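# An overview of the molecular structure
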Amino acid sequence: LYLYLKHLILGSFLLPFFEQLADLMFYGPIIWDPVLIIAQMGVMQASFYLLTGFWLVLLQSLLGSRSGPSLDHIFKASTMDLDFVLNMAPILAFILAAPLCAIICTLVVDRAWQCLDFAGTVYCVHFILCCCHSGFPLYWEWWAANVFSLVVTVLLSEHWVVKKEQEPIEMEQLTR
C-alpha cells in the first residue's frame, strides 16, 4: 500500500529523479540516527556548562570573590549586573565560553547547516533551565550575554566547519 501510494503521488517520472538526487548528494544521504543526535546534544550541553563553570571559577578567583560560584551564577539572571564588578564574572564567563563551545561544536557537528541547530538548542535548553530555576529572566544583561554568546558560537562554528568541509580530499583516503 505504501509503495502504491508513493508511486501514485510522485508518479513514475518523479520517483527516479528523487532517488538519483538522493544518491548524488555531496556527503551521501542523510541518515536519521536519534541516538547520535541525543549524544551530540549531550556533549554540547555538558561542554557548555563545563566551560562556563570553568571560566566562572577562574574569573571569580581573579576578581577576588569571597563567595564561591554557585548555580545561581549560571541560572539566575539577577547575578549578571554591569554595575558591580563581581557580577560581571558570569557575563564574562558566558562570553569567554562561546568560542570554546564553537570548537566543540566544530568537532561534534558534521555539517555547517547543523551548527545553528545545535548551538540554538543548547541556548534554548539553558533558557528553559533558567526559567525553571529562577523564573523568566528580566535583566537585559542576561539577554545580551546569552544572545551575544549564541551568535559567536554559531558564526565561529559555521566558519570552522565550512573550512573543514572545503579541505581537499586525498586520493589515498578514497582507495582504502
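Remember, it's a predicted structure, so these values are computed and weren't measured experimentally. (Residues numbered from 1 in each chain as written. Predicted model: local features only at pLDDT ≥ 70, side-chain atom pairs only at ≥ 80, totals over all residues. Heavy atoms only, no water.)

### Structural notes on the packing of aromatic side chains
Applying the stated criterion across every chain yields a total of 10 aromatic pairs. Look at Phe-54 and Trp-55: their rings are 5.4 Å apart centre to centre, the planes differ by 70°, and that puts the pair in the edge-to-face class. Accessibility expressed as a relative area gives 48% for Phe-54, which makes it partly exposed. Measuring from ring centre to ring centre gives 6.1 Å for Phe-127 and Trp-142, while their planes differ by 50°; the resulting arrangement is tilted. Of this pair, Phe-127 sits in helix α5 (residues 115-134) while Trp-142 sits in helix α6 (residues 140-165); the two residues are 15 residues apart in sequence, bridging distant segments of the chain. Take Phe-127: its relative accessible area is 24%, and that puts it in the partly exposed class. Using a relative accessible area of 2% as the deciding quantity, one classes Trp-142 as buried. (Phe/Tyr/Trp six-rings, centres within 6.5 Å; stacked < 30°, edge-to-face > 60°. Buried < 20%, exposed > 50% of the residue type's maximum accessible area, 1.4 Å probe, protein only. Helix = DSSP H or I, 4+ residues; strand = E, 2+ residues; numbered from the N terminus.)

### Brief notes about the confidence of the model for the chain
Confidence in the prediction for the chain averages 81 pLDDT; 78% of positions are at 70 or higher. Segment residues 17-26 is flagged for pLDDT under 50; beyond a separation of four residues in sequence, or across chains, it makes 3 contacts in the model. (pLDDT = per-residue confidence, 0-100. Contact = heavy atoms within 4.5 Å.)

### Focus on the environment of Ala-97
Looking at the element boundaries, Ala-97 is found in helix α4 (residues 88-108). When its relative accessible area of 0% is taken as the criterion, Ala-97 is described as buried. Considered as a pair, Ala-97 and Thr-153 are 56 residues apart in the sequence and their alpha carbons are 8.8 Å apart. Sequence-distant contacts of Ala-97, that is, excluding residues within four places in its chain, are made with Leu-51, Thr-52 and Trp-55.

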